[in-house]
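If you want the building blocks of each chain, they are given just below.
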Amino acid sequence: QVQLVESGGGLVQAGGSLRLSCAASGRTFSRYAMGWFRQAPGKEREFVAAISWSGRSTYYADSVKGRFTISRDKNTVYLQMTSLKPEDTAVYYCAARTLGGSYYNKSEYGHWGQGTQVTVSS
């Protein structure tokens, strides 16, 4: 089992930066690919970024490519967000990929954190 706790969200002006962290507990964390998803009010939860278990491969939604960077160390996954836009406003969730399908599909992720709010003002 893996428990995930996100932090680092907050209110930032457009053009600013934030760094989200996802602290993981559980001995099997290093075996999982990890992802970040986000959900804005009234919208579906959508893929943001993912990183393989080794950290060697990363994947991004087109909407954040070039602005966001996902990384991981022994017990934490990070999402560095730069050049933030009002449309990035959402609750951000980290998740552990427990199935073998697409990194972009939220159905492949079996463990989720509680989420952290990111609000970007214009």
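Residues numbered from 1 in each chain as written. Predicted model: local features only at pLDDT ≥ 70, side-chain atom pairs only at ≥ 80, totals over all residues. Heavy atoms only, no water.

Let's talk about the pattern of salt bridges
To keep things clear, this is the line we draw: Definition used for salt bridges: Asp or Glu carboxyl oxygen within 4 Å of a side-chain nitrogen of Lys or Arg. Accessible area is worked out with a 1.4 Å probe on protein chains only. A residue is then buried under 20% of its type maximum, exposed over 50%, and partly exposed in between. Numbering of helices and strands runs from the N terminus, with a helix taken as a DSSP run of H or I at least four residues long and a strand as a DSSP run of E at least two residues long.
Scanning the entire structure with this criterion turns up five salt bridges. Between Lys65 and Asp62 there is a salt bridge, with the nearest N and O atoms lying 3.1 Å from each other. Given the relative accessible area of 51%, Lys65 is considered exposed. Between Arg67 and Asp88 there is a salt bridge, with the nearest N and O atoms lying 2.8 Å from each other. Of the two residues, Arg67 is situated in the loop between strand 6 (58-60) and strand 7 (68-72) and Asp88 in the loop between strand 8 (76-81) and strand 9 (90-97); the sequence distance between them amounts to 21 residues. A relative accessible area of 11% places Arg67 in the buried class. By relative accessible area, Asp88 is classed as buried at 1%.

Points about the packing of aromatic side chains
Aromatic rings in a pair are described by how distant their centres are and how their planes are angled relative to each other. Put simply, the rule is: Only Phe, Tyr and Trp rings are paired, with Trp represented by its six-membered ring, and only when their centres lie within 6.5 Å; those with planes under 30 degrees apart are stacked, over 60 edge-to-face, the remainder tilted.
A full pass over the atoms with the stated rule returns eight aromatic pairs. Centroid distance Phe37 to Tyr109: 4.9 Å. Interplanar angle 75°. Geometry classified as edge-to-face. Of the two residues, Phe37 sits in strand 4 (residues 33-39) while Tyr109 sits in strand 10 (residues 109-112), which places them 72 residues apart along the sequence. On the basis of relative accessibility, which here comes to 4%, the residue Tyr109 falls in the buried class. A ring pair is formed by Phe37 and Trp112, whose centres lie 5.1 Å apart and whose planes are at 55°; its orientation type is tilted. Taken together, the residues span a long stretch of sequence, with Phe37 in strand 4 and Trp112 in strand 10 at a distance of 75 residues.

Purely geometric numbers; function is a separate question.
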